[in-house]
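Read off the chains here:
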Amino acid sequence: MEPAVVFRPREVNCVTESASERTAQQLELERDYVAQAYERLDELREVNSHELAKVRRSDYGGGHQAKSERDAFASHYEDRLTQLESVDERLVFGRLDTEDDERYYVGRLGLATEDHQRLVLDWRAREAGAFYQATARNTQGLARRRHLIMEKRNVTAIEDDVFNADAVEQDEVVRGEGALLAALNKTRTGRMNDIVATIQAEQDRIIRAPLKGVRVVQGGPGTGKTAVALHRAAYLLYEHRERLAKSGVLIVGPSSSFLWYIERVLPALGETGVVMSSLADLYPGVHGQVERDPWVARWKSGLHMVDVIERAVADRQKVPEKNLWLTVDGHSVKLKRSLVRHARERARATGKAHNEARATFVKVIIKQLAETLGQQLNEKAGSTMDRSYLKEDLRQSREVRVALNLLWLPLTPQQLVGQLFSKERYLRSAAPNLSDAQIAQLLRAPDAPLTVADVPLLDEAAELLGDFDSAGIKLRGQAAEQRKAAESAEKVLATMAEGFEDIGAQGIITVDQLTTLNEEPVRRMTAAEAASADRTWAYGHVVVDEAQELSAMQWRTLMRRCPMKSFTVVGDIAQAGNAAAATTWAGALEPFVGDRFSLEELTVNYRTPQPIADAAVRVARAAGLRVSDPRAVRDGEAPVLINVADQEEVAEAVIEQLRSELDLVEGGLIGVVCPGDSIAAVAAALDQAFPGLVAAGMRRLDRQIMLLTPWDAKGLEFDSVVVVEPADIANDPAGGVGNLYVAMTRPTQRLYMVAAHGMPAGLEQTCSESQG
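Just so it is clear, the structure is predicted and the values come from calculations on it, not from any experiment.

Student: How would you explain the packing of helix α24 (residues 552–561) against helix α25 (residues 585–593) if you had to name every residue and give the values?
Tutor: At a minimum axis separation of 10 Å, α24 and α25 run at an interaxial angle of 45°. One finds that α24 runs oblique with respect to α25. Note on packing geometry: the crossing formed by α24 with α25 is right-handed. Residues A552, W555, R556 and M559 of α24 form the contact with α25, whose own contacting residues are A588, L589, F592 and V593. Here the contact of α24 with α25 is composed, by residue class, of seven nonpolar, no polar and one charged.

Student: Describe the pairing of strand β11 (residues 331–335), listing the residues and the values that go with them.
Tutor: Taken together, the five bridges between strand β10 (residues 324–328) and β11 define a ladder with antiparallel strand orientation. Bridge assignment links T327 to a residue of β11, and that residue is S332. Where β10 folds back onto β11 in an antiparallel hairpin, the turn is made up of two residues, including D329, whose phi is positive at roughly 50°.

Student: I'd like a description of the pairing of strand β21 (residues 718–724), backed by residues and values.
Tutor: The element β21 is largely enclosed, with a buried count of seven among its seven residues. With four bridges connecting them, strand β18 (residues 670–673) and β21 associate as parallel partners. Bridge assignment links G671 to a residue of β21, and that residue is V721. Bridge count for β21 against strand β22 (residues 747–755) is six bridges, and the pairing is parallel. Residue S720 lies in a different strand from β22, and its bridge partner there is R750.

Student: Any chance you could break down unusual backbone geometry for me, citing the residues and the numbers?
Tutor: At D101, a position not held by glycine, the phi torsion is positive, near 65°. The residue D101 is located in the loop between β1 (92–98) and β2 (103–107) in this model. Backbone geometry at E725 places phi at a positive 50°, although glycine is not the residue there. Along the chain, the position of E725 falls in the loop between β21 and α30 (726–731).

Student: Please give an account of the packing of aromatic side chains that cites residues and values.
Tutor: Scanning the entire structure with this criterion turns up seven aromatic pairs. The interplanar angle of 20° and the centroid separation of 6.4 Å between the aromatic rings of W295 and W299 together place this pair among those described as stacked. Linking W295 with W299, this pair stays in helix α10 (residues 294–301), spanning four residues, or about one helical turn. Residue class for W299 comes out buried when judged on its relative accessible area of 12%. Residues W299 and F421 carry aromatic rings whose centres are separated by 6.5 Å and whose planes lie at 85° to one another, so their mutual orientation is edge-to-face. Separated by 122 residues along the polypeptide, W299 in helix α10 and F421 in the loop between α16 (413–420) and α17 (424–430) bring together distant segments of the chain. Accessibility expressed as a relative area gives 0% for F421, which makes it buried.

Cut-offs and rules
- Numbering of residues starts from 1 in each chain and follows the order in which that chain's sequence is written.
- Only residues with pLDDT of at least 70 are given local features in this predicted model, and only at 80 or more are side-chain atom pairs given and counted; all residues enter the totals for whole chains, interfaces and linings.
- The basis for every side-chain value is the complete set of non-hydrogen atoms in the structure, without hydrogens or water.
- Interaxial angles span 0 to 180 degrees and are taken between N-to-C directions of axes, which are lines fitted to C-alpha atoms, for helices over the stretch in contact.
- A helix here means a DSSP run of H or I that spans at least four residues, while a strand means a run of E at least two residues long, and both kinds are numbered starting from the N terminus.
- Note that the term roughly parallel is reserved for angles under 35 degrees, roughly antiparallel for angles over 145, roughly perpendicular for angles of 65 to 115, and oblique for everything else.
- Left-handed describes a crossing in which the near helix is turned anticlockwise from the far one by less than a right angle; the clockwise case is right-handed.
- What makes two residues a contact is simply this: any of their non-hydrogen atoms within 4.5 Å.
- Residues are grouped as follows: Ala, Val, Leu, Ile, Met, Phe, Trp, Tyr, Cys and Pro are nonpolar; Asp, Glu, Lys and Arg are charged; all remaining types, including Gly, are polar.
- DSSP bridges decide pairing: two strands pair if at least two such bridges lie between them.
- Each residue is placed in one exposure class: buried if its accessible area under a 1.4 Å probe, protein chains only, is under 20% of its type's maximum, exposed if it is over 50%, and partly exposed if it falls in between.
- Aromatic contacts are taken between Phe, Tyr and Trp rings whose centres are within 6.5 Å, Trp giving its six-membered ring; a plane angle under 30 degrees counts as stacked, one over 60 as edge-to-face, and the others as tilted.

Next up, the structure:
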């Protein structure tokens, strides 16, 4: 704990004659203090940079332990430098004046002077909680809360919330438009910003909740669910640093574009070591494609797939239909079905995964075949000689290897899942209840890409198959490489032997030392890098955003990633667009944690203006969705409905609306959301009309006009949004009205809906209408 020493700013004469002069005096005082904080930040950067350079230059010796110590020191300074460099903008954003006449500044990172006087209080520290939680009814000992509004390193404005007028000099009080509204009214950039300076009390309560257990945060559009989840991750990493620094935190989002959108938030809060993954990337080395068929997506997503994958693995542990005759060095030996069955039973009885249990299967068969072949040879030769060498002969025999691989083949998860859906016999055996029509619907080409729905199946298969290397295939190749390296080292030493002997150095350098010297050094991986590459990594905490989209099999995969069941789950059941999604949080979580989860609700919509939010709710309720009434903090314009005569006029109407919006948003971001099958046509028209301004079908949000499907728009926000053919989005079986509800609630300012196929029910009231 840092010592409770208050570091006062340099005194400024606050004798003023007018409100503007008083504000200027207070503003100068805060700028002076913030400048001191930045001086200390730059000083710490220089110190850590110097120490890192010194570590890298130091000679710790040549041993592995010395190298490990050097790497550990270097890693410490690298991590600290990364943290210090990531909080450059808006370092300090708040000031707390207590009723006991103490003053604390709150910022993104805790800073202290060289003599340990507190300079800036980390926003996650317990004492900083009052900045977010204090109200007129519960002041938490505060006389005043001051907001410092900054652009990069400059304090541009200040604003006071006074809780105890008697404890504050009134000529030092500064009023403003409201830090929250100022932040909400800023134009969007295509990147999510942190809300650390404007966290509201109901959000802060969730952010600072205990680590243990599964905490579900339900909230409608614009309530700050994603921001709360990310700030909670940063808070937990601060509060439980020792535990989570080693095990790590996993953040899961619905899409790659969403992760790109949020990726700057945690670094801006001083945290860079988390692992972020989309649902398509949960299995290392695989990026799942969208599953186009809703029925296929639903079928693959149910928990019955656990049994399907288990049967698929068991099917690869075969007993031949008849006895097999194998030839070994010109001698024939019978491989009986009874022996294969016995070996399979012995291998399964080990309880090991498929690839690991194969060693037992092979061992039992090789041993029995060697005994049988040995007896045959001895009877034929009339001898009783030792023929133990036959085991190795059998292992090297091509016919034996082929037979054993056909009976119990080592498999990767990709091979198992790929063949399951490309070979009819495997699918029929693993899923015997499917009809012929369903089999045909599930089958695909052998080279077809894996889908998002396949990713949990890969994870399930990996659990049952185990390590592919344990089957011995790759290990033999590694052993051969090691033998070659050793032989090369021996030749080098033999060539140089005479020279060594002349200088009395013979025997000082060994083959092992020379081989080790020539090995390529292994780069040290951070915990986050190691975790993202390791499917079996056990995380200390998992944050799931847009969690209403997860299927049962995806939940099963995530539960495997965090055995301690420590989760922050945020989402809105009404926004579910996945055909396999649950309809309640209990339905999603009870199969894995029972009733051991808590449910919190965010009730205030900070993003969407009230008229737009109301229209989206009416559309959702008209379709039978259960959604809550949002309490928006801002009023605004009603959605504009633009009906056109035919499909050809849709693009023209969208282009016309975008031209006017580009002038209104002044560099802000515009989203165009349309059905997936219309993306290509709309993109072509927009590219021609707005060259260089449009991004379509991209995983990055780096253009002023973004063309997206409703799925890719999940979790994002724009200054203005144009929804193309809303009825088609609502009628799409892959997402339905839930996806339209998402699309309608993305804007912070204005919403336009362009349609040739009519508007969905619920849009009749309080919407401006324009006839195209």
